[in-house]
Amino acid sequence: MKRPLLFSLFLLLVSTFGLAQDWNWQVGPNLSFAFRNRDYANVNALGEGLGAKIIYNWEWHPWISPRLDFVYLSFGEKRSTTSDGGAAGLIIQTRNESFQLTSGIHFARPEGAIRYYLSPMAGIYNYRAVTTLPELYYYYGYPSMDTHDVQWKLGARIQGGFLFDIGLGPLIDIGFTYQRIFNVETKIDDHVFRHDADDFMVTIGVMIFSK
């Protein structure tokens, strides 16, 4: 795993720990890995990124809680070079990304050394590509960036997982997610195809409890 990703997870863990201690929340930062069923939109590689789940503890029912998830995924980078004009030979770097925001209901076994949960959710999925010329920033001090192929789609997911209490406070969280994104646009040559897309996600992180 890349060092910046691990450092970002550490910062997320530290900041959310304070939130969970002060309020009646469960907060779970995690590493996320998405495996596509087939290529779609700008997704043609393994997705890697950071996620966070936020769960509010209803005191009237310990098994059922509202939940909000945020996930950022990077699907790799491609590099090429310019070949014409005065900027010939500059590196062109294209990064494919996705931002995903979903909410739903969290059903969980609240106690024990090994706990389990199931969460049906739905939300908004954003896919986009970001093209940059990094050398312009390195040598001339200003960024050159273009965001393109942006699309916002509705989707649904269901996640099941396990929490492991190893006696350190926060619980180890391992989750497995199947999700479907509706009416995704995929461009092949000069044609745009619309279809539903599926992928499978594995998350590894911690869950911090306020109680």
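Shown above is the structure to which this text applies.
Residues numbered from 1 in each chain as written. Predicted model: local features only at pLDDT ≥ 70, side-chain atom pairs only at ≥ 80, totals over all residues. Heavy atoms only, no water.

Considering the pairing of strand 5 (residues 114-132)
Thinking step 1. Where strand 4 (residues 91-108) and strand 5 come together, 14 bridges link them in antiparallel fashion. Looking across to strand 5, one finds that Ser98 is bridged to Tyr127.
Thinking step 2. Here strand 4 folds back onto strand 5 in antiparallel fashion, the turn holding five residues, of which Gly112 has a positive phi close to 115°. (Pairing = 2+ DSSP bridges. Helix = DSSP H or I, 4+ residues; strand = E, 2+ residues; numbered from the N terminus.)

Quick word on the environment of Pro62
Thinking step 1. Looking at where Pro62 falls in the secondary structure, it is placed in the loop between strand 2 (47-56) and strand 3 (64-81).
Thinking step 2. Using a relative accessible area of 51% as the deciding quantity, one classes Pro62 as exposed.
Thinking step 3. Here the alpha-carbon distance between Pro62 and Pro110, two residues 48 residues apart in the chain, equals 6.5 Å.
Thinking step 4. Residue contacts for Pro62: discarding those within four places in its chain leaves Ala108 and Pro110. (Buried < 20%, exposed > 50% of the residue type's maximum accessible area, 1.4 Å probe, protein only. Contact = heavy atoms within 4.5 Å.)

Here we look at unusual backbone geometry
Residues other than glycine predominantly adopt negative phi, and peptide bonds predominantly adopt the trans conformation.
Thinking step 1. For Asp149, which is not glycine, the phi dihedral falls at a positive 50°.
Thinking step 2. Following the sequence through the fold, Asp149 ends up in strand 6 (residues 145-164).
Thinking step 3. Among the residues examined, Asp149 registers a relative accessible area of 51% and is labelled exposed.
Thinking step 4. Its identity is not glycine, yet Asn183 carries a phi of approximately 60°, on the positive side.

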